[in-house]
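# Structural overview
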Amino acid sequence: FLVELLLHSADISGPLMPVKTSFRWLKAVHEEFGMQVADEKRLGIPVSKFMDGLDNPIAGASSQLTFLKCVLHPLFDPLFTM
């Protein structure tokens, strides 16, 4: 379990990188999410709402803050206090 947790932590650690690297990863993730939304719309399946509209800077920033608050902080806080 611990190895899987550390591997997953590394996979989503983009926001912990230096600013330039972090923004590069953020842009790539938002582009990937945008492509998924486009595919979902094209296929007529329900759209993943949290992935939609991230090309809007306000929506993208809000999404990032939610990710930091609800995913990264709860995951990394215990790891950093070990």
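Now for a description of the structure that goes with this document. (Residues numbered from 1 in each chain as written. Predicted model: local features only at pLDDT ≥ 70, side-chain atom pairs only at ≥ 80, totals over all residues. Heavy atoms only, no water.)

### A look at the overall build of the protein
- Across its full length, the protein holds three helices and zero strands.
- Going from N to C terminus, the protein has its helices and strands arranged as α-α-α.
- The 82 residues of the protein split such that 23% are buried.
- Across the protein, every contact between residues at least 6 apart in sequence was considered, and the portion connecting residues at least 24 apart equals 49%.
- For the protein, the accessible surface area stands at approximately 6,400 Å², while carbon and sulfur atoms represent 68% of it. (Helix = DSSP H or I, 4+ residues; strand = E, 2+ residues; numbered from the N terminus. Buried < 20%, exposed > 50% of the residue type's maximum accessible area, 1.4 Å probe, protein only. Contact = heavy atoms within 4.5 Å. Areas by Shrake-Rupley, 256 points an atom, 1.4 Å probe, with all protein chains shown as cover.)

### Some points on helix α2 (residues 19–43)
- The terminal C-alpha atoms of α2, which comprises 25 residues, lie 36 Å apart, in line with the 36 Å expected from a rise of 1.5 Å per residue.
- Every buried residue of α2 is listed here: Ser-22, His-30, Phe-33, Val-37 and Glu-40.
- Structurally, α2 contributes buried residues whose contacts are with α3 (57–80).
- Just beyond α2, the residue with positive phi is Gly-44, at close to 70°. (Expected span 1.5 Å × (residues − 1).)

### Overview of the packing of helix α1 (residues 2–11) against α3
- Where α1 meets α3, the closest approach of the two axes is 11 Å, and the angle between their N-to-C directions is 120°. In terms of orientation, α1 lies oblique with respect to α3. Along this stretch, α1 crosses α3, giving a crossing that reads as left-handed. Listed contacts from α3 to Leu-5, Leu-6, His-8 and Ser-9 of α1 are Leu-75, Phe-76 and Leu-79.
- For the contact of α1 with α3, a count of residues per class yields five nonpolar, two polar and no charged. (Axes fitted to C-alpha atoms, helices over the stretch in contact; angles between N-to-C directions. Parallel < 35°, antiparallel > 145°, perpendicular 65-115°, else oblique. Left-handed = near helix turned anticlockwise from the far one by under 90°. Nonpolar A, V, L, I, M, F, W, Y, C, P; charged D, E, K, R; others polar.)

### A few points about the pattern of salt bridges
- Overall, the coordinates contain two salt bridges when judged by the stated rule.
- The salt bridge involving Arg-42 is made with Asp-39; its shortest N-O contact spans 3.3 Å. With Arg-42 and Asp-39 both in helix α2 and three residues apart, the pair spans about one turn of that helix.
- When its relative accessible area of 61% is taken as the criterion, Arg-42 is described as exposed.
- The class for Asp-39 is partly exposed, based on a relative accessible area of 37%.
- When the shortest N-O distance is used, the salt bridge between Lys-41 and Asp-52 registers 3.7 Å. On the criterion of sequence distance, the pair formed by Lys-41 in helix α2 and Asp-52 in the loop between α2 and α3 is long-range, its members being eleven residues apart.
- Note on Lys-41: relative accessible area 51%, which makes it exposed. (Salt bridge = Lys/Arg side-chain N within 4 Å of Asp/Glu carboxyl O.)

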